[in-house]
Each structure stands twice: as structure tokens, then as C-alpha cells.
Amino acid sequence: MSRYDPATLEPKWQKAWDEAGTFLATRTGDKPKYYVLEMFPYPSGRIHIGHVRNYTMGDVIARYKLATGHNVLHPMGFDAFGMPAENAAMENGGHPADWIYQNIDTMVEQMKPLGFGLDWSRMFATSDPEYYGQQQALFLDFLKAGLVYRKNAVVNWDPVDMTVLANEQVIDGRGWRSGAEVERRELTQWFFRISDFSEELLDALDGLDDWPAKVKLMQANWIGKSRGLQFAFGLTEATTGHDRVEVYTTRPDTLLGASFIGISPDHPLARELEAHDPKVAEFCAMARRGGTTEEAIEKAEKLGYDTGLTCRHPFDTSWELPVYIANFILMDYGTGAIFGCPAHDQRDLDFARKYGLDVVSTFVPLSGDHVKPEDGGDAYVPPKTEKVHWTLPFNWDAEATGTEAIDAAIRFCEEKGVGHGVTKFRLRDWGLSRQRYWGCPIPVVHCDTCGVVPEKKENLPIELPRDVSFDVPGNPLDRHPTWRQTTCPKCGGAALRETDTMDTFVDSSWYFARFTAPRADTPTDMEEAAYWMNVDQYIGGIEHAILHLLYSRFFARAMHITGHLPEKCKEPFDALFTQGMVTHAIYVTRDENDRPVYHFPEDVEVHESGARLGATGQEVEVIPSAKMSKSKKNVVDPVNIIKTYGADTARWFVLSDSPPERDVEWTAAGAEAANRHLGRVWSLSDRIAQMDPGAAGEGDADLLREMHRTIRDVTLGVESFGFNAAIAKLYAFTNTLSRSKASHAAQREAVMTLAQLMSPMTPHLAEDIWARQGGTGLIAEAAWPVADEAMLVEDTVTLPIQINGKRRSEITVARDASKEEVEKIAMADDAVIRALDGGAPKKVIVVPGRIVNVVV
RNA sequence: GCGGGCGUGAUGGAACUGGUAGACAUAUCGGACUUAAAAUCCGUGGGCCGUAAGGCCGUGGGGGUUCAAAUCCCCCCGCCCGCACCA
């Protein structure tokens, strides 16, 4: 008797698919197309079990769509530019390109044994000059179309290393290498005009029916459309060049509760005061310390500097409000100035209490206990849709919602000539300049006579120079002896290249389009793009819910405008699925100083009594379900898993148990169980293959009915990303089949169908079963089974009977029994008679085909 | 700090659109097979009371809507993701 042996059968079937070209994307016949894409990986060096889960999900869809008669495009590539390659070069010497391409080779080598149905012929890395050269062409077209411009923007500046830091390189406000306090410094940078598309990007979310609601909500909040009032406070005494402070507020209804004006340290007025007053300068310098992230700014202690200036309230010119410079006000949102209403904003309240400013409520709750903030309570911030009692309205009812009051306030102020209603968006333009080497060079030159000049397309790609070093901080392109020297494309005179490279988000904002024609000598081939786009199913992590997806949506529009994508591609991802992570327990012991010492799972033996180190028997603390991280050593290497159990086991396990959108915890016991199950299926098939072909049996109809139910349930599961539920059904059907005494013909049909239903998840095992049962051709190319509707209908249904909402009994009735009939049968049920105790029911609810509830 | 999400037996989870909570799997325990072990197969498998029939409790905590709530609403707790230069 043979045994399930993935080590021999997996390579065998991978070779068979390769030779048949099963997964090459082709435009054959009049089949519909299907484009399935998983977010491409960063080539960190090794694949991660999380990748296995992500790509297995995509592969299930791809194989299922192939089996249901589609031309399938399922490509793979690498997001290869970015900081880690430079960091590796800094730490270990070597060159980022060598590091990254070695990593890519390793990862491809690790991915191939997993048997993904990928069209490897379309593979590329974003660091290939063929790719980034076309990206430069796109940039030039965007520039021509007015979608790119330059302006000043703040960066994290390390004053010791004299270099720009990424947000993740700023730790507690200090540079990660130098330890110096980071400053916010302005640089001239390139920007994409994504904010011009704010309204459109927001409105179009409505059409994305197959995107998770949470992602659409996050994007909508990020774009942040707000209706507010823009107006000016007049300064009591005009200083040089400033007689007013323009503010923007989304709560003009609280204007009568204003108690101070706050301006950003980068506000022109603050700049002006800074120039003449060392104390102001000192405060502004302090306020500019720390990182640039919104998080850092919001979490920092709220500090203000009283400028001594005052403004007049627009509705009461005798009312003067102090002007503070405050560290939490951002210059690039709104006008860089606000008015503070401490009663209805906790941040303003904290600020007011700190600096002894007035607190005036403008509204209170309709009822209930309420401690006003002026009496020591918290700021009162109800939802804008809630009706409140107004103590200081302008012209609206004493009882009105925030929304009603805001609208009324805007109308009132417009009538009085105090400002005007404006719609603003939180979304800012996309800064794409990076002062780093390992990225796509921005294809422009700086000419003393002509200024900033775009490169000529025939000079593309502008390739990165190979001879660079990373021994000193800063951008190697800046200090390269010759690379910068070039001639001006316009006047032919000497000029200097731009040394900024592009944000890696640019690379990942159009790779999905490039996959449709990866070797084209233009960014896209319109005919191929028109055929394969859009991505029918996009799969990736929730961490990309905002930036990557929003940037890609912008890029698709920009590519349409510049003639690189058809109109229908403006929303490039028809359906989106965000999968969860693979987690693993952390094993930790303590050293003599009580510091944690982490251990790899393979060094730990887990028993029901606890976990111990295999080598020493020392007891180990188990922290369950933590995100895998190298430093915590709670990682499992897919390569080891494949070696131990085979690819199918790994694929089966990452899909079973947990719903795909949720995290799944990798456990050795679970992997072993998955492996045992696949072995059982193989043995079952083997047993059936060895039956006498003419063997009769009993229960054929029952087995086949169950088979058709399984076809229905698994198909539904695969189509709705319910892979775990589909696998549960496959377990159940395997149990049914293994107990069946049906004829050989019925069992053979059942096991071949089982193999087909399993084939998207465990393709190698499925091929093997198919071949051993004498199936024709490859199972990967066989048509997906279809459930026979006639086999699915049942004559009777079992209904639960509830008494007062609790299940007490059940009855079996004809499938099409009327409400009256069901009620009659229910009332004759023992449990009901007992509960009624001779009385009449208060109410009987019959939901046909569902439930009966008797209220007594 | 702000925005978004998640929380169900010892464990991973199932439950269609508000309609039998715990499918399927893992651990455990009991049994069969075996000289023995592994593998395999059969059974057990939320808690409490009860010989049983049956009853009570139970989906992070508290409250609410409903004939009926894991599912809808409000408050709280814990964890996760994002916050524009990590990818």
C-alpha cells in the first residue's frame, strides 16, 4: 500500500503545470477574463508565512476562476525600492541592488515550491530600469498635464547627521542613529495634485460595492470633507503687514464661546513676530522640535505663547481675544489659525485651563445631569446630529442639532458680511520627493538659464549610478562626482540633475497596470490594459487601507488623463479583500535581571501541563497570538513547513480555522492535524481506487446528495471568501465518504469531486487523486463541478419551536407547509402543551422555513 | 490624541438578511486494534443542578430595543490597524 508523499508528488505536478503552461495568462477564445492580484511583496529576503496565506487566497480564486472558464491573469512581482536595501548597504557594505536582487532570487525560489498558479513570465521588480524608466515617462506626462508641481514642505531634519529622516527613523523625537533632537525643516519638494481630486475620490467610493465598508469609511474620513466658515478676526493693533487673522472653523455655531485665537508657529504672523522678538523665536524653535507626524504633534503637550496681541470678536467689537502661538496648529490645514472654544473641545479646554482663559458654554444637553466645563466638567462634545439646548445661539431655535446650528451660523455670518461658508478637505497633496538613493530618479534637470526642465523621453530611463557608497549619511546622488552633471534638454547648456528620488508609493501605484503588458516600451499597452483591467479581485493587508489604495486610485485617474489607461480604469480595483495576519505564540523566559529572553517555537516543547525548553526543560511563559516578529522569535519559516509537511498542508492550514479577514494563529498541532487530514484523504482515494470497479453497494443516492450539497457550499464559500467554512464542509464530506458503503462508481465520482473541490487549496494532492482515479487531463484545467439543483431540494424541514424565545422542541413539517399548518402542528407539540398548561398562547410567531415562537 | 476594526467553550472558530449558539477542527478523556507504541477507527467534548426526564446560566463587562440579539443601539474595558518619509 502506498502513502501520501508530498515530497515526490508536489514537484511532479508543478512540472506538469509548467509544461502545460496552465497559468500563463492568455487571451484565448471568447472566455471572460479574470484578473486576480495580491499586493506584491517587499523583497526582504525570505518569504513569511503571512505571504503564504495571502498568496494562497489569491491562488484559490485564480484556480477557481480558471476552472469556471475564465482567462485568468495572476501575476507576481516585487516592490523593490525603499530604505531597507540602503540600510543593509550601510550596515554590511555591499550595494542595494545586489542585496535586493539576491533577495528576489531567494524569494522566488521559496515561493515556487508552494505551487501557486502564477504567470511567472510577467514578473518584474520596480527597481528594474525597464519598470522605473516607464514610471519616469509617466511622471513627465503628469508634469505636462499639470498634475505635478513643486512647493516647500516640512521634513524631519537630523541636525547632527545633516540628513532627512523618515518618520520611522525618528524615535521619541530623536534621530535613530545620531540621537539628536529632530527639527522640522522646510525643503522644496515635488508634489502630485491629489487634492484636486478630493471630491471625486470621495464620491467614487460609493460605487465601490465590493470593497469592505470599513476601508471606504477610513478613506472617506481621511479625505475629510468639511463644511465650515472662513472669516477674519481683526487685530486690535495692526502690526507690520498684518491687520487680521484669517481662520477656518467647522464649528461657527460656537463662535460666541470663543476665548482665544491660536496660530501655527509657521503662520506668517508668527514668522513676523519671530523675526523681531527673541522670546517668540525661542518658543517657535521649541515648537518646531520633534517629528512631523500628526500623531507626534497631537500627543505632544499642548503649549502656547501669548503674543500680547488681541483680536476683536466679529459680533462684539468690545470683546477682545488674546492671540496665542500654539504648537498643535498645523500650517498646512485650513488657514493655519483657529479660534478656541474651550467649552466644546477638550483640547481647547485643556489649553484654556493651562493659560487661565475664559470658558463659555454655548449649549447644554436637553436633559440630565450636566456639569458645565466652566464649572469643572469635561468639554461637552455631543454628536452633531444630537439635539441640544442652546444658551448662546445667533438666530436658530433654542433646541437644535449641531448640524442645524452650523448651517444657520454660516448663513447668519454671510448675511452679516462676516466670512463665507467654504468646503475644505483634509487630504493634502502627495509629496513624492525623497532625499535617498534607492528609488526612481525624478527625471528633471536644473538649468541656470531655463530653470527646472523635464528630461526628454528618449533619454529615459535616467538610471541610478552604480558606483555609490553609504559610508556617510545623506543622499549618495548628491555627492556623486559625475552623475549630476548633464546638459539642459532645452538650451543644451550645462545643467544639474534632480537628485531626489520618488516615494516608493509611486512604484506601487501603477504596477497592477504594468502587469497587463510588462514588457511594453510605453508604460502600458492600451489594448492589453483595456482587455485585462480592472483588477477583478485585489487582496492585501488592511494596513494599506488608506495610503496605497488612495494613491493608486489617484494614479489610475492621472493615467487616464494622460492617455495611459482607458476611462473604465479610473477605479482600478473592482473588488478588494483585506486579509488578516498569521500570528504565533511567543515563548519567553527571564534572565537573571528579569529581562525577557525569547525562544524559537522549534526549541520549545508544548504539553498540556505547560511549555518547556526542549534542551534544558526550563519552564517557558507562553504569550498567545502575537504578530510575528523576528525580535520576538515567534516566526515560522514556510521553507521548514514545506520540508516537513509539504506545500498543500501549509496552504490547507492557513486557510482553515480562521476566517480570511481575521488573524490566524499558526500552531504546530494545527499544521500536523492538517497534514494528517490530507493523508486520510489520500488513503481514502487509494482505497477507492483499489475497489472492484463493478462493486455494488448501498446508499449511492445519499452519498451523491451529500456530494451535491458540498459542491454548493464549497462553491459559495470560495466565491465569498469563506475559505474556512468551505474547508469545514470538505472535512464533513470526507467523513461522510469514508463511512459510505456506496458502490464503486458512486464513491469514485464522490472522491473525484472531492479532489476538484479541494484543488484550489491543495492542488498537488488533487491532481494526484484525479490521476489515480483515471481522470482526464489536469484537474487544474478541468471544469468546476456544478451542483444539481434537483438533488438539493428536501421534502421536509425541521423547525425549532421556541417558547418565550427559548428553544424547547422541534417539529418536522412539509417544506411547503402553510403558516396555519405549521402553527397547528406546533400547538400539538408536547413541549408547547406543557408550557401552555391548558391556557391560550399570547402570541404565536411563525417564520416559514425558519422558526416558531410561542409566547405564553 | 484622532480615524477604523475586532472580542463566542480549554483552543482556532461556525451561525445566511435579527430566527435551534458552539458546525468543522484541535486538546482532553473513554473504547477498539496492537506483545507494546505510533498510526488508524469509534465515542466524549460550554458551565452548573439532576440517576434520568429535564431545568438554570452562557457569545469581553454594563444597560437598552424586540415575540426573538453573538448579530441592532448606548456606555465601558482589552487587543489590533492607520495617522501622509516603513513597506
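The structure displayed is predicted, hence computed values, not measured ones. (Residues numbered from 1 in each chain as written. Chains lettered and ligands numbered in written order. Predicted model: local features only at pLDDT ≥ 70, side-chain atom pairs only at ≥ 80, totals over all residues. Heavy atoms only, no water.)

1. A short note on the overall build of chain A
Broken down by element type, chain A carries 27 helices and 36 strands. Overall, the C-alpha framework of chain A stretches about 105 × 85 × 65 Å when taken along its three principal axes. Contacts spanning at least 24 positions in sequence make up 71% of the contacts within chain A whose residues lie at least 6 apart. Surface accessibility of chain A: about 38500 Å² in total, with carbon and sulfur atoms responsible for 49%. Within chain A, the 124 negative side-chain charges are centred at a point lying 1 Å from the centre of the 90 positive side-chain charges. (Helix = DSSP H or I, 4+ residues; strand = E, 2+ residues; numbered from the N terminus. Contact = heavy atoms within 4.5 Å. Areas by Shrake-Rupley, 256 points an atom, 1.4 Å probe, with all protein chains shown as cover. Lys, Arg positive; Asp, Glu negative; His and termini not counted. Charge placed at Lys NZ, Arg CZ, Asp CG, Glu CD.)

2. Focus on the protein's contact with RNA strand B
Neighbouring RNA strand B are 65 residues; Asn167, Arg436, Arg807, Arg850 and Asn853 lie closest to it. Counting only atoms of RNA strand B within 4 Å of the protein, the sugar-phosphate share comes to 64%. Contact distances for RNA strand B include 3.1 Å between a phosphate oxygen and a backbone N or O atom of Met83. For RNA strand B, a sugar or linking oxygen lies 3.4 Å from a polar atom in the side chain of Glu298. When the residues that make up the surface near RNA strand B are grouped by side-chain class, the tally is 24 nonpolar, 17 polar and 24 charged. (Near = heavy atom within 4 Å. Polar contact = N/O pair within 3.5 Å; in protein donor to acceptor, adjacent residues only side chain to side chain. Nonpolar A, V, L, I, M, F, W, Y, C, P; charged D, E, K, R; others polar.)

3. What about the environment of Tyr355?
Within the secondary structure, Tyr355 is located in helix H11 (residues 346-355). C-alpha of Tyr355 to C-alpha of Gly304: the two residues are 51 residues apart in sequence and 8.1 Å apart in space. Aside from chain neighbours lying at most four places away, what touches Tyr355 is Lys302, Leu303, Gly304 and Tyr324. Among the polar contacts made by the side chain of Tyr355, one reaches the main-chain amide nitrogen of Gly304 at a distance of 2.8 Å.

4. Quick notes on the packing of helix H21 (residues 700-719) against helix H22 (residues 723-739)
Interaxial distance between H21 and H22 falls to 8 Å at its minimum, and their mutual angle equals 165°. As the angle between them shows, H21 and H22 are arranged roughly antiparallel. Our pair here, H21 against H22, has a crossing hand that is left-handed. For the pair H21 and H22, the contacting residues are Leu703, Glu706, Met707, Thr710, Asp713, Val714, Gly717 and Val718 in the first and Phe723, Ala726, Lys729, Leu730, Phe733, Thr736 and Leu737 in the second. In terms of residue class, the contact of H21 with H22 is made up of nine nonpolar, three polar and three charged. (Axes fitted to C-alpha atoms, helices over the stretch in contact; angles between N-to-C directions. Parallel < 35°, antiparallel > 145°, perpendicular 65-115°, else oblique. Left-handed = near helix turned anticlockwise from the far one by under 90°.)

5. Here's the deal with the sheet that holds strand E35 (residues 843-847)
Spatial strand order, E34-E33-E36-E35: four strands in an open sheet with mixed pairing. Taken across any chain shown, the strands that pair with only one partner, and hence form the sheet edges, are strand E34 (806-814) and E35. On average, adjacent strands in this sheet sit at an angle of 20° to one another, irrespective of strand direction. The sheet contact formed by strand E33 (residues 796-803) and E34 spans eight bridges and is antiparallel. Paired with Ile801 across the bridge in E34 is Ser809. (Pairing = 2+ DSSP bridges.)

6. Some details on the side chain of Gln435
Here Gln435 shows up in the loop between strand E19 (433-434) and strand E20 (444-447). Reaching out from Gln435, the side chain makes a polar contact with the side chain of Gln189 at a distance of 3.1 Å. Polar side-chain contacts of Gln435 include one of 3.3 Å to the side chain of Asp500. Not counting residues up to four positions away in its chain, the partners in contact with Gln435 are Val164, Leu187, Gln189, Asn475 and Asp500.

7. A few points about the confidence of the model for chain A
Averaged over chain A, the pLDDT score is 88; the fraction of residues at 70 or greater is 93%. Scored as a complex, the prediction yields pTM 0.91 and ipTM 0.89. (pLDDT = per-residue confidence, 0-100.)

8. A short note on the sheet that holds strand E18 (residues 430-431)
Strand order in this open sheet of four strands is E4-E3-E7-E18, and the pairing throughout is antiparallel. The sheet is open, and its two edges are formed by strand E4 (163-165) and E18, each paired on a single side. Pairing of strand E3 (residues 148-158) with strand E7 (residues 183-192), which is carried by ten bridges, proceeds in the antiparallel orientation. Of the residues in E7, the one forming a bridge with Lys151 is Gln189.

9. Thoughts on the pattern of salt bridges
This model, assessed by the stated rule, comprises 34 salt bridges. Residues Lys225 and Glu199 are paired through a salt bridge, measuring 2.5 Å at the closest nitrogen-oxygen approach. Residue Lys225 is located in strand E8 (residues 225-239), and its partner Glu199 is located in helix H6 (residues 198-203); the two are separated by 26 residues in the primary sequence. Since its relative accessible area comes to 32%, Glu199 is described here as partly exposed. Put simply, Lys729 and Asp713 hold a salt bridge, and the shortest N to O gap is 3.8 Å. (Salt bridge = Lys/Arg side-chain N within 4 Å of Asp/Glu carboxyl O. Buried < 20%, exposed > 50% of the residue type's maximum accessible area, 1.4 Å probe, protein only.)

10. Focus on the environment of Asp59
Position of Asp59 relative to the elements: it lies in helix H2 (residues 49-67). Linking Asp59 and His74, residues 15 residues apart in sequence, is a C-alpha distance of 8.0 Å. For Asp59, the contacting residues outside a window of four places in its chain are Glu38, His74, Gly115, Phe116, Gly117 and Arg651. Looking at Asp59, its side chain comes within polar contact range of the side chain of Arg651, at 2.8 Å.

11. Some words on helix H12 (residues 402-415)
Here H12 is 14 residues long and its end C-alpha atoms lie 20 Å apart, about the 20 Å a rise of 1.5 Å per residue gives. Residues of H12 that are buried: Gly402, Ala405, Ile406, Ala408, Ala409, Ile410, Phe412 and Cys413. Buried residues belonging to H12 abut E8, strand E15 (387-390), strand E16 (399-401) and strand E17 (420-425). Positive phi appears at Gly417, one or two residues downstream of H12, with a value of about 75°. (Expected span 1.5 Å × (residues − 1).)

12. Brief notes about the environment of Gly175
Its place among the elements puts Gly175 in strand E6 (residues 174-175). The class for Gly175 is buried, based on a relative accessible area of 5%. Spatially, the C-alpha atoms of Gly175 and Pro518 are 40 Å apart, while their sequence positions differ by 343 residues. Among residues more than four places away in sequence, those in contact with Gly175 are Asp158, Leu165, Gln169, Ala180 and Val182.

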